[in-house]
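# Descriptive structure summary
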Amino acid sequence: MANNQLTAVINKEIANFTILYTKLHNYHWFVSGPHFFSLHEKLEQLYNEAATNIDELAERLLAMQEKPAATIREYLELTTVEEATGSENTEDMVQSVISDFQKISKELDEGIDLAGQADDDVTSDMLTGMKKSLDKNAWMLRAYLGR
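Residues take numbers from 1 onward in each chain, read along the sequence in its written order. For this predicted model, a pLDDT threshold of at least 70 governs which residues receive local features, and a threshold of 80 or more governs which side-chain atom pairs are given and counted, while totals over whole chains, interfaces and linings are taken from all residues. Think of the side-chain values as coming from all heavy atoms in the structure, minus any hydrogens and water.

This part is about the overall build of the protein. Runs of H or I in DSSP of at least four residues are treated as helices and runs of E of at least two as strands, each being numbered from the N terminus. Regarding its fold elements, the protein presents five helices and zero strands. The N-to-C order of helical and strand elements in the protein reads α-α-α-α-α. Between the two quantities, the radius of gyration covers C-alpha atoms and the globule rule is 2.2 Å times the number of residues to the power 0.38. Taking 2.2 N^0.38 as the reference for a compact globule, 147 residues should give roughly 15 Å; the C-alpha atoms of the protein span a radius of gyration of 15 Å, in line with that estimate. Its C-alpha atoms give the protein principal-axis dimensions of about 50 × 30 × 20 Å. For every residue, the accessible area obtained with a 1.4 Å probe (protein chains only) is divided by the maximum for its type, and the residue is called buried under 20%, exposed over 50%, and partly exposed between those limits. In the protein, buried positions account for 48% of the 147 residues. Note on contacts: a residue pair is in contact if any heavy atoms of the two residues lie within 4.5 Å. Summarising the internal contacts of the protein: among those between residues at least 6 apart in sequence, 80% fall at separations of at least 24.

So, in structure tokens, the structure goes:
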């Protein structure tokens, strides 16, 4: 069984990736401008990755004999990322995703630390892989914005 702190961190990230998944879909549908095709495709890749992360985190909790968050109410209570407003322009969309990725990446550090303290290499490795991808995608999106 997991410790309560590690379970809480994983559930927070299930919530974050679920809200992020919805936000990425919103942006995928409403992105416009000269870079529509490249961003439309990239956002689809990112929401598919978010969906995979949700499933992996939930299945890890179940394997640890814990209960994953699984309702909209829980997600909205636990999340630390903001929903899309529907009024973002393309640059705002990309900046919002970068900010979310950076926030989640930083939060994953706590989970990685807690998993390490619990000698849970499987969870630590899983969270580290997610962090690596978030950091890489944040870098790529910053480069897209020229930052």
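Resuming the write-up.
Attention now moves to the packing of helix H4 (residues 90–117) against helix H5 (residues 121–145). Here H4 crosses H5 at 155°, and the two axes come no closer than 8 Å. In terms of their interaxial angle, H4 and H5 are classed as roughly antiparallel. Once H4 is placed against H5, the crossing between them reads as left-handed. Partitioning the contact of H4 with H5 into residue classes produces 15 nonpolar, nine polar and six charged. Here, axes are lines fitted to C-alpha atoms. For helices the fit covers the stretch in contact, and angles between N-to-C directions go from 0 to 180 degrees. When an angle is under 35 degrees it counts as roughly parallel; over 145 it counts as roughly antiparallel; between 65 and 115 it counts as roughly perpendicular; any other value is oblique. Handedness of a crossing is defined here by the sense of rotation of the near helix relative to the far one, left-handed for an anticlockwise turn of less than a right angle and right-handed for a clockwise turn. Three classes are used: nonpolar for Ala, Val, Leu, Ile, Met, Phe, Trp, Tyr, Cys and Pro, charged for Asp, Glu, Lys and Arg, and polar for all others, with Gly counted as polar.

With that out of the way, let us pick up unusual backbone geometry. With a phi angle near 60°, Gln65 is a residue other than glycine that sits in the positive phi range. With respect to the helices, strands and loops of the structure, Gln65 is situated in the loop between helix H2 (36–63) and helix H3 (72–78). Positive phi outside glycine occurs at Asp119, with the angle close to 55°.

Let's shift gears to the packing of H2 against H5. Two elements in contact, H2 and H5, have axes separated by 12 Å at closest approach and are oriented at 165°. Between H2 and H5, the angle is such that the two are roughly antiparallel. When you trace H2 past H5, the crossing you get is left-handed. Packed against H2, whose contacting residues are Leu39, Lys42, Gln45, Leu46, Glu49, Asn53, Glu56, Leu57 and Arg60, the element H5 presents Val122, Thr123, Met126, Leu127, Met130, Ser133, Asn137, Met140, Leu141 and Tyr144 at the interface. Class assignment of the residues belonging to the contact of H2 with H5 gives a composition of ten nonpolar, five polar and four charged.

Position of Asn89 among the secondary structure elements: in the loop between H3 and H4. Classification of Asn89 by relative accessible area gives partly exposed; the value is 43%. A 3.5 Å cut-off defines polar contacts: any pair of N or O atoms within that distance qualifies, except that in protein one atom must be a possible hydrogen donor and the other a possible acceptor, and neighbouring residues in sequence count only when both atoms are side-chain atoms. Within the structure, the side chain of Asn89 is placed 3.0 Å from the backbone nitrogen of Glu91, a separation counted as a polar contact.

Turning to the nonpolar core, a few remarks are in order. To form a nonpolar core, buried Ala, Val, Leu, Ile, Met, Phe, Trp, Tyr and Cys residues must be joined to one another through side-chain atoms within 4.5 Å. Grouped together as the largest cluster of nonpolar side chains are 41 residues, with contacts concentrated most on Ile14, Phe17, Leu24, Leu57 and Phe101. Elements supplying a minimum of two residues to this core: helix H1 (4–30), H2, H4 and H5.

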